[in-house]
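One-letter residues, chain by chain:
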Amino acid sequence: MPDRFDLPAGFRWGAATAAYQIEGAVGEDGRGASIWDTFCARPGAVRDGHTGAVACDHYHRYAEDIGLMKGLGLDGYRFSVAWPRVVPAGAGAVNPAGLAFYDRLVDALLGAGITPLPTLFHWDLPQGLEDAGGWLNRDTAYRFADYAAVVADRLGDRVPAWITLNEPFVHTVFGYALGTHAPGRTMMFEALPAAHHQLLAHGLAATVLHDRGLEVMLSNNLTPVWPASSSAPDLAAASAYDTLHNRLFTDPVLLGRHPDLSALGVPEDIYGAVRPGDLDLIHAPGLDGLGINYYNPTRVAAPTAPGLLPFDLVDIPDAPHTAFGWPVVPDGLRQLLHGLKELYGDALPPLTITENGCSVTEPTTPDQPRIDFMSTHLDTLATAVAEGADVRGYYTWSLLDNFEWAEGYHQRFGLVHVDFATQERTPRASYGWYRKLIAAHRASRAR
Ligand code: FCB
């Protein structure tokens, strides 16, 4: 069986973070408000009233954090640019101090020999745009393209590849359909125009980036869908869920068409937002790489009671679970990668794992669950690559413990422990393990 040391030469080792989860400094140097600032202030929205106001204070401590990355020997670092830091109102005036921060960050990364991989939108929409309808407003897509141009013009001379959006599926479902994330709307399927406008934003920004000679990726949270049984109702429910979770954003970008949502009981014109030519704007720019955030498979059954949703999500009881309660199934990654190839064939661009990791309950000595999680997933990844999957890199989630959205600081995903009272960083055993793996892989492939 191939293992992680068999990953090809040139395979890129990385770590990932996101602006609102680590930066803090929400009121500094001209940053505008984001929907997450607003959501965190809503009573009961985030566990224990936690907010990202300080987070890991990375805005001030980025040099120390890049030192930690350098210590790991990373090839790449995936971070996100905070739109409200660069264009505080979301549209109009650019904030030079905000751009200057990312300029310093990029230079410091390059100085440490690490390639920056920025994501332009990781959920922190400027509040000014939310006030005008957020992603339900088509205009937001055009404002995103303007913002992409500003950032690319400043950093594109040093940053070769860009991710437009992070997990538009999760942002649409949690933010607009269920309301458990910012902006906290509970629209169920009426949220679908927000999905279409994010796709349009991706397409418009992809053209902006390509015009500047830059590579474009899109990161989504994908999941292999497991029917709870082989009964016809369970199979139908699983197929409907698969379409919603995995194909809503991938089909339009890779194939130039929206998937058929009729099995979900969604009226045909539910997008209500699609204008002639939109799918071309989304599809024509093409994708240089698809980012995959993999955490777990999803087991789906037919609904037990009639309701709005034609599926129930059920647990995978025989799998171990992380501190977050997510099932740990490394082989799901292999199934996912092969399933994508089967479905999209030659339309599938090279893949990068842009997130994978787990939260672990503290205190853990010596951080063994995280090491086990990463090693089993990387071994499985190596098997999938040996079987033909074209995967070019792996960015673990996450470098640091950070603000885990609605869970506040309760889920610890970091290779580095953060004491949020003192901001002290302490590398965990998984940090040393990853450092050794990267060095050993590099040495063996150089031979
Ligand atoms: C992903 C998000 C990321 C982080 C991990 C645990 O869905 O992209 O910001 O919260 O989950």
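Sequence order as written defines the numbering, with residues in each chain counted from 1. Owing to the predicted nature of the model, reporting of local features is limited to residues with pLDDT of at least 70; listing and counting of side-chain atom pairs is limited to 80 or more, with chain, interface and lining totals taken over all residues. Computation of side-chain values: all heavy atoms of the structure, hydrogens and water removed.

Participant: Break down the packing of helix H5 (residues 96-111) against helix H7 (residues 139-155) for me, citing the residues and quoting the values.
Facilitator: For any two helices packed against each other, the geometry is given by the interaxial angle and the distance between the axes. The convention used is that axes are lines fitted to C-alpha atoms, helices contributing only their stretch in contact, and that angles between N-to-C directions extend from 0 to 180 degrees. Secondary structure follows DSSP: runs of H or I at least 4 residues long count as helices, runs of E at least 2 residues long count as strands, and numbering of each begins at the N terminus. H7 packs onto H5 with a crossing angle of 40° between their chain directions and a minimal axis gap of 10 Å. With respect to H7, the element H5 is oriented oblique. In terms of crossing hand, the pair formed by H5 and H7 is right-handed. Side by side, H5 and H7 meet where Leu99, Ala100, Tyr102, Asp103 and Val106 of the first sit next to Val150, Val151, Arg154 and Leu155 of the second. Under the scheme applied, nonpolar residues are Ala, Val, Leu, Ile, Met, Phe, Trp, Tyr, Cys and Pro; charged residues are Asp, Glu, Lys and Arg; polar residues are all the others, including Gly. Partitioning the contact of H5 with H7 into residue classes produces seven nonpolar, no polar and two charged. The labels follow the angle: roughly parallel below 35 degrees, roughly antiparallel above 145, roughly perpendicular from 65 to 115, and oblique for the rest. In this scheme the handedness of a crossing depends on how the near helix is turned from the far one: anticlockwise by less than a right angle means left-handed, clockwise means right-handed. By definition in these notes, contact holds between two residues if any of their heavy atoms fall within 4.5 Å.

Participant: Tell me about the site of the ligand, residues and numbers included.
Facilitator: With respect to spatial proximity, the complete set of residues near the ligand consists of Gln21, His122, Trp123, Asn166, Glu167, Tyr295, Glu355, Trp397, Glu404, Trp405 and Phe413. Interatomic distance of 2.5 Å between a side-chain N/O atom of Glu167 and an oxygen atom of the ligand. Whenever two N or O atoms come within 3.5 Å, that pair is a polar contact, provided that in protein one can donate a hydrogen and the other can accept it, and provided that, for residues adjacent in sequence, both atoms are side-chain atoms. A distance of 2.7 Å is found between an oxygen atom of the ligand and a side-chain nitrogen or oxygen belonging to Glu404. For the ligand, the accessible surface in isolation is 290 Å², of which the surrounding protein chains cover 96%. Classifying every residue of the shell around the ligand gives five nonpolar, three polar and three charged. The near set for a molecule or strand comprises every residue that places at least one heavy atom within 4 Å of it. We get accessible surface area from the Shrake-Rupley algorithm with a probe of 1.4 Å; when it comes to residues, only the shown protein chains can shield them.

Participant: Got a sec to walk through the side chain of His441? Specific residues and values, please.
Facilitator: Tracing the sequence through the fold places His441 in helix H15 (residues 429-446). If near-sequence neighbours (up to four positions away) are discounted, His441 is found in contact with Arg4, Phe5, Leu7, Pro8, Phe11 and Trp13.

Participant: Break down the environment of Arg104 for me, citing the residues and quoting the values.
Facilitator: Its location among the elements puts Arg104 in helix H5. Burial classification: accessible surface area is computed with a 1.4 Å probe over protein chains only, and a residue below 20% of its type maximum counts as buried, one above 50% as exposed, and the rest as partly exposed. The class for Arg104 is partly exposed, based on a relative accessible area of 36%. Apart from the residues within four sequence positions on either side, Arg104 is in contact with Tyr59 and Tyr62.

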